[in-house]
Amino acid sequence: MSEIEDYILRHTEPEPDYLYRLWRATNIHTIHGRMASGHLQGRLLKMLVRMIRPATILEVGTFSGYSAISMAEGLDEGGRLYTFEINDEMEDFTRPWIEGSPVADKIEFIIGDALTEAPKLGIQFDMAFIDGDKRTYRECYEMVLSILRPGGFILADNTLWDGHVVDHAYDHDRQTQGIETFNDYIAADDRVEQVILPLRDGLTLIRKK
């Protein structure tokens, strides 16, 4: 960790012990532990929820549950987060962490493909967090936009993709292509307003007009 990163974390709301233990367990017991949001992004997600004050949140891509728990921490009383994980092999790890968390009553953890299953909930969402398959980001965005209220917010993770979006060595990588297609599409979409934050791997904030 760089000196400036350490400084930032020391001056940011402390990471809750439960989430620190989840982050550690994720890095020890899963292959792609770095996919977990971690301290800084987790506190940002909570803060954004506090600011937006959504009653309903849709998350596409649960992984180990770190981001879901972080966002649920920011929900007002009665708020609800629905999180979809397409990889059923993650369920045995993730479900106990979500159900054992202090915000378990605010989270609905669903194994399945959000692209087809989320619209079936019949809910108009106030906020969404997209962090699933990078190859289908554009399709996922369209699905989310269709069930998001006007004025609602979408957060899209990994939109700088380790800098691969500007590295021609990755021009033929399908995940990089998916992110590039998504970024170009959002930049030209007059239905929304958007800004990319260079936080971790890139986080795009999108507001539906």
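Structure's up top.
For clarity, every value in this text was computed on a predicted model and none was experimentally measured.

S.K.: Any details on the overall build of the chain? Residues and values, ideally.
M.R.: Scanning the chain for helices and strands turns up eight helices and seven strands. Computed over C-alpha atoms, the radius of gyration of the chain comes to 16 Å, within 12% of the 17 Å expected from 2.2 N^0.38 for 209 residues, which places it in the range of a compact globule. Residues classed as buried in the chain amount to 49% of the 209 residues present. Taking contacts inside the chain between residues at least 6 apart in sequence as the whole, the part at least 24 apart equals 72%. Here the chain contributes 22 positively and 36 negatively charged side chains, and the mean placements of these two sets differ by 5 Å.

S.K.: Account for the sheet that holds strand S6 (residues 192-197), with residues named and values stated.
M.R.: Strand order across the open sheet formed by seven strands is S3-S2-S1-S4-S5-S7-S6, with mixed pairing between neighbours. For this open sheet the edge positions go to strand S3 (107-111) and S6, each flanked by a neighbour on one side alone. For this sheet, the mean angle separating the axes of adjacent strands, direction not counted, is 15°. Sheet analysis places strand S1 (residues 56-60) next to strand S4 (residues 125-130), joined by four bridges and oriented parallel. Bridging from a neighbouring strand, Val60 pairs with Ile130 of S4. In this fold helix H7 (residues 137-146) packs onto S1, S4, strand S5 (148-157), S6 and strand S7 (203-208), with an angle of close to 155° to the strand it touches most, S5.

S.K.: Describe the pattern of salt bridges, with residues and values.
M.R.: Here the structure, examined in full by the defined rule, presents 16 salt bridges. One salt bridge in this structure joins Glu73 and Arg43, with 2.5 Å as the shortest N-O distance. Here Arg43 lies in helix H3 (residues 38-52) and Glu73 lies in helix H4 (residues 66-73), a separation of 30 residues in the sequence. Residue classification places Arg43 among the buried positions, given a relative accessible area of 5%. The partner of Arg95 in a salt bridge is Glu91, with the nearest N and O atoms 2.8 Å apart. Of this pair, Arg95 and Glu91 both sit in helix H5 (residues 91-99), four residues apart, roughly one helical turn. Look at Arg95 and you get partly exposed, because its relative accessible area is 22%. For Glu91, a relative accessible area of 25% corresponds to the partly exposed category. If you follow the salt bridges from partner to partner, you end up with Glu13, Arg43, Lys46 and Glu73 in one network.

S.K.: Describe the nonpolar core, and please don't skip the residues or the numbers.
M.R.: Grouped together as the largest cluster of nonpolar side chains are 29 residues, with contacts concentrated most on Met71 and Ile107. Sorting the residues of this core by element identifies helix H2 (17-29), H3, H4, H5, S3 and S4 as the ones contributing at least two each. At five residues, the largest contribution of residues to this core is made by H4. For Met71, the residues in contact, after removing those within four places along its chain, are Leu45, Val49, Ile57, Glu59, Leu81, Met127 and Phe129.

S.K.: If you had to explain the environment of Tyr137 to someone new, which residues and values would you point to?
M.R.: Inspection of the secondary structure assignment puts Tyr137 in helix H7. Sequence-wise, Tyr137 and Asp126 are 11 residues apart; in three dimensions their C-alpha atoms are separated by 19 Å. Those residues in contact with Tyr137 that sit more than four places away from it in its chain are Ile130, Asp131, Gly132, Ala156, Asp157, Asn158, Gly178, Ile179 and Phe182. In this structure the side chain of Tyr137 is engaged in a polar contact, spanning 3.1 Å, whose partner is the side chain of Lys134.

S.K.: So what's going on with the side chain of Thr83? Residues and values would help.
M.R.: By secondary structure assignment, the location of Thr83 is in strand S2 (residues 80-85). Of note is the side chain of Thr83, whose polar atom sits 2.6 Å from the side chain of Glu59. Aside from chain neighbours lying at most four places away, what touches Thr83 is Glu59, Thr62, Ala68, Ile107, Glu108, Phe109 and Ile110.

Conventions we followed
Residues numbered from 1 in each chain as written. Predicted model: local features only at pLDDT ≥ 70, side-chain atom pairs only at ≥ 80, totals over all residues. Heavy atoms only, no water. Helix = DSSP H or I, 4+ residues; strand = E, 2+ residues; numbered from the N terminus. Rg over C-alpha atoms; globule rule 2.2 N^0.38 Å. Buried < 20%, exposed > 50% of the residue type's maximum accessible area, 1.4 Å probe, protein only. Contact = heavy atoms within 4.5 Å. Lys, Arg positive; Asp, Glu negative; His and termini not counted. Charge placed at Lys NZ, Arg CZ, Asp CG, Glu CD. Pairing = 2+ DSSP bridges. Axes fitted to C-alpha atoms, helices over the stretch in contact; angles between N-to-C directions. Salt bridge = Lys/Arg side-chain N within 4 Å of Asp/Glu carboxyl O. Core = buried A, V, L, I, M, F, W, Y, C linked by side-chain atoms within 4.5 Å. Polar contact = N/O pair within 3.5 Å; in protein donor to acceptor, adjacent residues only side chain to side chain.

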